[in-house]
Amino acid sequence: MAGSRQIGTFAVWDYVVFAVMLLISAVIGIFYAFWGRSQQTSKEFLTGGGRMSAVPVAMSLTASFMSAVTVLGTPTEVYRFGAVFSLFGLTYLLVVVISAEVYLPVFYRLGITSTYEYLELRFNKYVRLCGTIIYIIQTVLYTGIVIYAPALALNQVTGFDLWGAVVATGVVCTFYCTLGGLKAVIWTDVFQVGIMLAGFLCVIIQASVVQGGISTIVNDAYNGGRLNFWNFDPNPLQRHTFWTIVIGGTFTWGSLYAVNQSQVQRYISCKSRFQAKLSLYINLLGLWVILACAVLCGLALYSRYQDCDPWTNKEVSAPDQLMPYLVLDILQDYPGLPGLFVACAYSGTLSTVSSSINALAAVTVEDLVKPHLRSVSERSLSWISQGMSVLFGVLCIAMAALASLMGAVLQAALSIIGMIGGPLLGLFSLGILVPFANSTGAFIGLLAGFGASFWVGIGAQLYPPLPERSMPLPLETSGCSNSTGNGTNWMSTTEMPFSTSAFQVHNVERTPLMDNWYSLSYLYFSTLGTLVTLLVGMLISLLTGGRKQNLDGKFLLTKEDVLLNFDFLKKKEHVLSYKSHPVEDGGTDNPAFNHIELNFTDQSGRTNGTHL
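Please read all numbers here as calculations on a predicted model, not as lab measurements.

**Q** Before we move on, can you summarise the packing of helix α4 (residues 68–81) against helix α14 (residues 337–369) with the specific residues and values?
**A** Two quantities define a packed helix pair, namely the angle between the axes and the distance from one axis to the other. Across the interface, α4 lies against α14 with an axial gap of 6 Å and an inter-helix angle of 120°. Between α4 and α14, the crossing angle belongs to the class labelled oblique. Facing Ala68, Val71 and Leu72 of α4, the residues of α14 in contact are Phe341, Cys344, Ala345, Gly348 and Thr349.

**Q** Could you give an account of the packing of aromatic side chains, naming the residues involved and the relevant values?
**A** Scanning the model with the defined rule gives 20 aromatic pairs in all. On the numbers, 6.3 Å between centres and 55° between planes, the contact of Tyr79 with Tyr302 is tilted. Linking Tyr79 in helix α4 with Tyr302 in helix α12 (residues 273–305), this pair joins segments that are 223 residues apart in sequence. In this pair, the class of Tyr79 matches that of Tyr302, namely buried. For the ring pair Trp230 and Phe232, a centre distance of 5.8 Å and an interplane angle of 10° mean the geometry is stacked. In this structure Trp230 comes out as exposed when scored by relative accessible area, which is 65%. What links up through ring pairs into an aromatic cluster is the set Phe107, Tyr116, Tyr118, Tyr135 and Phe428. Looking at Arg239, its charged tip hangs above the ring of Phe81, at a distance of 4.3 Å from the centre.

**Q** Explain helix α17 (residues 439–462) residue by residue, including any values.
**A** With 24 residues, α17 should cover 34 Å at 1.5 Å per step; its first-to-last C-alpha distance of 34 Å lies within 8% of that length. Taken together, the buried positions of α17 are Gly441, Ala442, Gly445, Leu446, Gly449, Phe450, Ala452, Ser453, Val456, Gly457, Gly459 and Ala460.

**Q** Which residues make up the environment of Cys270, and what values do they have?
**A** Inspection of the secondary structure puts Cys270 in the loop between α11 (261–268) and α12. Between the alpha carbons of Cys270 and Tyr108 there is a distance of 9.4 Å; along the sequence they are 162 residues apart.

**Q** Lay out the pattern of salt bridges in plain terms, naming residues and giving numbers.
**A** For the structure on display, the rule yields 10 salt bridges. A salt bridge links Glu77 to Arg239; the shortest N-O distance between them is 2.9 Å. Taken together, the positions of Glu77 in helix α4 and Arg239 in the loop between α9 (214–223) and α10 (242–257) put the pair 162 residues apart, joining distant regions of the chain. Residue classification places Glu77 among the buried positions, given a relative accessible area of 4%. On the accessibility criterion, Arg239 (6% relative accessible area) is buried. A salt bridge links Lys554 to Asp552; its shortest N-O distance comes to 3.2 Å. Relative accessible area serves as the criterion here: at 38%, Asp552 is assigned to the partly exposed category. Because the salt bridges share partners, they merge into one network encompassing Arg109, Arg273 and Asp561.

**Q** Summarise unusual backbone geometry; cite the residues concerned and give the values.
**A** In this model, Lys314 sits at a positive phi of 60°, which is unusual for a non-glycine residue. The residue Lys314 is located in the loop between α12 and α13 (322–330) in this model.

**Q** Could you give an account of a nonpolar patch on the surface, naming the residues involved and the relevant values?
**A** There is a patch of nonpolar side chains on the surface, built from Val12, Trp13, Val16, Val20 and Ile24 and spanning about 460 Å² of accessible area. Position of Val20 among the secondary structure elements: in helix α1 (residues 12–35).

Rules used throughout
- Residues numbered from 1 in each chain as written.
- Predicted model: local features only at pLDDT ≥ 70, side-chain atom pairs only at ≥ 80, totals over all residues.
- Heavy atoms only, no water.
- Axes fitted to C-alpha atoms, helices over the stretch in contact; angles between N-to-C directions.
- Helix = DSSP H or I, 4+ residues; strand = E, 2+ residues; numbered from the N terminus.
- Parallel < 35°, antiparallel > 145°, perpendicular 65-115°, else oblique.
- Contact = heavy atoms within 4.5 Å.
- Phe/Tyr/Trp six-rings, centres within 6.5 Å; stacked < 30°, edge-to-face > 60°.
- Buried < 20%, exposed > 50% of the residue type's maximum accessible area, 1.4 Å probe, protein only.
- Lys NZ or Arg CZ within 6 Å of the ring centre and 35° of its normal.
- Expected span 1.5 Å × (residues − 1).
- Salt bridge = Lys/Arg side-chain N within 4 Å of Asp/Glu carboxyl O.
- Patch = residues over 30% accessible without salt bridge, like charges linked within 9 Å, V, L, I, M, F, W, Y side chains within 5 Å.
- Areas by Shrake-Rupley, 256 points an atom, 1.4 Å probe, with all protein chains shown as cover.

Encoded structure:
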C-alpha cells in the first residue's frame, strides 16, 4: 500500500457514463418543454403550476443543497479536521423545523412567486428592490463557485478538460431550465439525487472492501483522532466546535432554507400547505443520508492514506482533489465506476446551478420586470422568463471564471452564503417576527448587518486565521516510498496556509483585531449579520414610531399558524362524518393557484397518520 501509488486514469467507459448522465438531464428538460405545453404562463414556468407533491420536491430540496461542494469538500473536511463535521446533522434538524414552522406558513399563505414580494407587502418597494439585488449578486457568485469547483478538482486528477466541463455544465443546465421550467428542474433533481447516492455508495463499498470492512475504517479514524465529535469549546474563534456548528451553522443554512428564493420557490410549488411542510421534513432524511455518506467517505480517505498523505506528498495540488484521487485509486479496475463518481459530483452541481438559474429568473421577472411592464401579456412574460434563464446561465459561467481566483472551495462557498445570507435572514425575520418593525428600521438594519458581516468576512479573506484556530489534524507521509528524511517525516499541516485565496496579504504584523475579530469562525458570519440586522432594525423602528403603524396580521407569524399543527387532534371525529369535505383537514389549497381544482382524495386518510 505504501509508495506513490499507481492510480488509474479516465477511460472510455467513464466518459460514456458521464455523458449519459448529462443526456438524461437534457432529455427531461425536452420532455417537460413539449409534453408540459401548458407552461404558457410565467407562473407555470416558474412554480410548476403549484401542483407538485411532497416527495419529488423533497428530493429536489436535498439535491440543490448538495452541490459538488458537498461531494468533494465534505470528505476532505473530515479527512483534515475530523468527523466533528457530522454535527451538522443536528443543524439540519433545527433549520428544517424553523423553516417549516416559522417562515413557510407566512410565505405559503401569501401565495407569492418571489420571496422578495413579501418585503414589499410588509415594508415598501425600496426594501424589496434592495433584497432582490442582493440576492441576485449572492446567487451568481455562489453558482460560479459551484460550477468551477468540481471542474477544477476533476481536471487535475482525471485530466477531464477544465473549461470544457465548466461550459458543458452551464449549457446543459441553462438548456433544461429554459425549456422545462421548474418542473424540469425538480424532476432532474430527483434523478440526480439517485446518481449522487450511487456515486457515494460505490466509493464507500469499495473502500470498505479494500480496507477490510467498515470497522477497520472506524478504528483507523479513532486511532488517528478523527472521531472528535465532542468539542464543546465555547470560543467563537475556533473554526468547528459543537457550538459553532450548531449555532453558527443554523444561521448559515437557515438563510438558505428559510428565505432563499431557490428553496422557497420549491416548497411553494406544493399542492397544499401540508405537502409543503411534509416536503421539508422528508428532505431532512435526504440531508442526513448524504451527510452520513460524505462523512464515511472522509473516514475512508483517512483510513486509506493514514501513512502517506497524497496532498503533503504533492501528488495532488489541492485538498479538494483527494476524493477524485481516492476514486481513481480504488476503482481503477472497474471501468465506468470512476465515471459514475464524476457524474455524482456533477449531479450535485447541475442541480444547484439549475435551481439557481430558475430562481434568478423568477426573481428578475417578478421583482424587476413585472412592476415596470404592467401591460405585458402572460405569454410574453413566459418568454421573458426563458430569456432570463439563458442570460443567468451565461452569467454564471462567466462567474466560474472569476471563481478560479477564490481559494478553498467549501469555505469560500459557505462564507459567501454567510456574509450575504445572514443580513437577509435578519431582514425577513424582522418582518415575520417583529410586529413593530417598519421600513426605516428594516433598511437601516439591513445596511448595518451588511456592514458587520462584510467587515469580518473580507477581513478574514485578507488575513486568514492562524492554524491553531482551524485546528487541522496531523497528516503523515512516513509510509511513502519516495518520502525524504529518516522515515518519520512528520509534515504537520501547520505549514500549509488554509485559505489559498488570491487576495491574501502576507508578512503583516498580526494585530489584536486580526487575531480576534477577523478570526471569528466563518460559520458565525451569518449569525453576526442576522443579529445585527435584527437588533438595529428593532431599535430604529422603535425610535421612528414603529408601534403606531397598523399592520395586517397575515404578514406575521400568528398563533393560528402554530396551532394548525395540532388540528388533527380536534378533527379526527369530523373526518369520519364529513367525508365529502376532506379539504378541511388537508390545509388550504395553494393560494397562488386557487382557481385550479385540486384533488385531495388521499389527503384526509394520510393526514391522520402522518401529520407533522
